[in-house]
Amino acid sequence: MAAKKKKKTKKTSKKPVSVVTGAAGFLGSHLADLLLKKGHRVIGIDNFVTGRVENIDHLAGNGDFRFIQQDVTEFLFLQGDVNHVWHFASPASPIDYAHLPIQTLKVGSLGTHKALGLAKEKGARFFLASTSEIYGDPLIHPQNEDYWGNVSTIGPRGCYDESKRFAEALAMAYHREHKVETRIVRIFNTYGPRMRLKDGRVVPAFVSQALEGKPITVFGDGSQTRSFCYCSDLIDGIYRLMMSDYDLPVNIGNPNEMTILEFAQEIIRATSSKSRIIRKPLPTDDPKQRKPDITRAKSILKWRPKVKLADGLERTIDYFKRRIES
Ligand code: UDP
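Residues numbered from 1 in each chain as written. Predicted model: local features only at pLDDT ≥ 70, side-chain atom pairs only at ≥ 80, totals over all residues. Heavy atoms only, no water.

### So, the packing of helix H1 (residues 26-37) against helix H6 (residues 231-243)
Packed helix pairs are specified by the crossing angle of their axes together with the interaxial distance, meaning the distance between the axes.
Working step 1: Two elements in contact, H1 and H6, have axes whose closest approach is 10 Å; the angle formed by their N-to-C orientations is 65°. Crossing angle aside, the handedness with which H1 passes H6 is right-handed. Between H1, through Phe26, Leu27, His30, Leu31, Leu34 and Leu35, and H6, the contact on the second element is made entirely by Cys231, Leu234, Ile235, Ile238 and Tyr239.
Working step 2: Across the contact of H1 with H6, the residue classes break down as 10 nonpolar, one polar and no charged. (Axes fitted to C-alpha atoms, helices over the stretch in contact; angles between N-to-C directions. Helix = DSSP H or I, 4+ residues; strand = E, 2+ residues; numbered from the N terminus. Left-handed = near helix turned anticlockwise from the far one by under 90°. Contact = heavy atoms within 4.5 Å. Nonpolar A, V, L, I, M, F, W, Y, C, P; charged D, E, K, R; others polar.)

Here it is in structure tokens:
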């Protein structure tokens, strides 16, 4: 019996289209996943300088995901509608941006310019992944969005901090002059699966050292503080901000502050490791304390972090175990 021919109807997809720069990175890839879950079509762009194909290979064959390998500091040409541009491309760990200072400055300045240009051309809403680093080594605590920061322009972190400060200024200029709808998030220390084992940041460094029974390298006396946010909480806050009508910067992070020494002890406990703690010199301009004031996110976005450190660490440790074994 002849198979019944299905009548082909041409689907006109009404799905919103999102462009994500840095889509193969830690946060960009989690964002791409969330957007696909929310029914967006996603065009991911990455040049794999710090992004990795492993972060997006589960999306191969997904008809709603398209990937373009490109440096976003070069002209971005895309055909068709774009509704949202999410600019996440950038080296983000102190080791990465120390190795790649010029690329870091370029992606924050020229890359932001190209991404804003794309948003303007398409009439899309633009989202900037900014950072708590714009506050530098902060003189107020906790940091709220009205604080202007304490940044050394010429220090080793200047390339990242200043490129993000420039990016914020450029986004506001496009907003004011070209009426582009812009959103700015200031991301505080975030962790979770898909961080690179060797990116040098404290979470992958301590977890991999603990799992491999190597000494845990605490920089300085370990009294400097950080506040760690699990990636799914962060991405949830970011999505809410993009969909809100708020165009000034919003801190997203977890205000659960601890010293780096306490954090090292927490990792040893969570991994049941026998590693000991050793001291290494404190890097230049390492901020002494960091904790987000999230009053704005709570009131405007109705957002607050939900994942407890112990639960987030468990998922992260599982991920790093699999990576070390493979
Ligand atoms: N840190 C550490 N040992 C390491 C890596 C980092 O003690 O092996 C410290 C670092 O000096 C900083 C904190 O951990 O005070 C967080 O560093 P990270 O590189 O994760 O990011 P930052 O918050 O400084 O941008």
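### Quick look at the pairing of strand E1 (residues 17-21)
Working step 1: Counting buried positions along E1 gives five out of five residues, so the element sits mostly inside the fold.
Working step 2: Burial along E1 is two-sided: Val17, Val19 and Thr21 facing one way and Ser18 and Val20 facing the other are all buried.
Working step 3: Note that the unit made of E1, H1 and strand E2 (residues 41-46) has a crossover that is right-handed.
Working step 4: Relative to strand E4 (residues 84-87), E1 runs parallel, the two being bridged by four bridges. Bridge assignment links Thr21 to a residue of E4, and that residue is His87. (Buried < 20%, exposed > 50% of the residue type's maximum accessible area, 1.4 Å probe, protein only. Right-handed = clockwise from strand over helix to strand, strands pointing away. Pairing = 2+ DSSP bridges.)

### Some words on the sheet that holds E2
In sheet architecture, strand pairing relies on hydrogen bonds along the backbone and comes in two forms, parallel and antiparallel.
Working step 1: Spatial strand order, E3-E2-E1-E4-E5-E6-E11: seven strands in an open sheet with parallel pairing. Of all the strands in the sheet, the pair left with one neighbour each is strand E3 (65-69) and strand E11 (250-252). The mean angle between the axes of side-by-side strands here comes to 20°, regardless of whether they run parallel or antiparallel.
Working step 2: Sheet analysis places E1 next to E2, joined by five bridges and oriented parallel. By the bridge assignment for E2, Val17 is matched with Arg41.
Working step 3: This element, helix H3 (residues 101-122), spans E1, E4, strand E5 (125-131) and strand E6 (182-187) of the sheet and lies at about 175° to E4.
Working step 4: Helix H4 (residues 158-178) rests against E5 and E6 of the sheet, and its axis sits at about 155° to E5.

### Some points on the environment of Asp285
Working step 1: You can see Asp285 is positioned in the loop between strand E13 (277-280) and helix H8 (295-301).
Working step 2: The spacing of Asp285 and Pro156 is 129 residues in sequence and 7.6 Å in space, taken between C-alpha atoms.
Working step 3: Ignoring anything within four residues of it in the chain, the contact list for Asp285 reads Ser152, Gly155, Pro156 and Arg157.

### Points about the nonpolar core
Working step 1: Residues Trp86, Phe88, Phe206, Phe228, Ile238 and Phe263 are the most contacted members of the largest nonpolar core, which totals 60 residues.
Working step 2: Apart from residues no more than four positions distant in its own chain, Ile238 is found in contact with Leu31, Trp86, Phe88, Phe127, Val185 and Ile187. (Core = buried A, V, L, I, M, F, W, Y, C linked by side-chain atoms within 4.5 Å.)

### Points about the side chain of Gln224
Working step 1: You can see Gln224 is positioned in the loop between strand E8 (216-219) and strand E9 (225-227).
Working step 2: Of the polar contacts made by the side chain of Gln224, one reaches the backbone oxygen of Phe219; its length is 3.0 Å.
Working step 3: At a separation of 3.4 Å, a polar atom in the side chain of Gln224 contacts the main-chain amide nitrogen of Gly222.
Working step 4: In this structure Gln224 touches Phe219, Met258, Thr259, Ile260, Leu282, Asp286, Pro287 and Lys288, once residues within four positions along its chain are discounted. (Polar contact = N/O pair within 3.5 Å; in protein donor to acceptor, adjacent residues only side chain to side chain.)

### Observations regarding unusual backbone geometry
Working step 1: Each neighbour pair has its own omega, and for His141 with Pro142 the value is -10°, a cis peptide bond.
Working step 2: Secondary-structure assignment places Pro142 in the loop between E5 and H4.
Working step 3: Notably, Lys179 is not glycine yet its phi reads approximately 60°, a positive angle.
Working step 4: Structurally, Lys179 is set in the loop between H4 and E6.
Working step 5: Phi at Lys302 takes a positive value of approximately 55°, unusual for a residue other than glycine.
Working step 6: Topologically, Lys302 is positioned in the loop between H8 and helix H9 (309-325).
Working step 7: Here Lys302 falls in the exposed class, since its relative accessible area comes to 63%.

### A few points about the site of the ligand
Working step 1: Surveying the vicinity of the ligand reveals 18 residues, the closest of which are Val202, Thr217, Phe219, Arg226 and Asp286.
Working step 2: Contact between the ligand and Thr217: a nitrogen atom at 2.6 Å from a main-chain N or O atom of the residue.
Working step 3: A distance of 2.5 Å separates an oxygen atom of the ligand from a polar side-chain atom of Asp286.
Working step 4: In the complex, the protein chains occlude 94% of the 510 Å² of accessible area that the ligand would expose alone.
Working step 5: Of all elements in the fold, only helix H5 (202-211) and E8 reach the threshold of two or more residues within the shell around the ligand.
Working step 6: Taken together, the residues of the shell around the ligand break down into eight nonpolar, four polar and six charged. (Near = heavy atom within 4 Å. Areas by Shrake-Rupley, 256 points an atom, 1.4 Å probe, with all protein chains shown as cover.)

### Some points on the packing of aromatic side chains
Working step 1: Evaluated as defined, the whole model comprises 10 aromatic pairs.
Working step 2: Ring geometry for Phe88 against Phe127: centres 5.9 Å apart, planes inclined by 10°, an arrangement best described as stacked. In this pair, Phe88 is assigned in the loop between E4 and helix H2 (94-99) and Phe127 in strand E5, connecting sequence segments 39 residues apart. Like Phe127, Phe88 is buried.
Working step 3: Measuring from ring centre to ring centre gives 5.5 Å for Tyr191 and Tyr230, while their planes differ by 70°; the resulting arrangement is edge-to-face. Taken together, the residues span a long stretch of sequence, with Tyr191 in strand E7 (residues 190-191) and Tyr230 in strand E10 (residues 229-230) at a distance of 39 residues.
Working step 4: Its relative accessible area of 1% is what places Tyr191 among the buried residues. (Phe/Tyr/Trp six-rings, centres within 6.5 Å; stacked < 30°, edge-to-face > 60°.)

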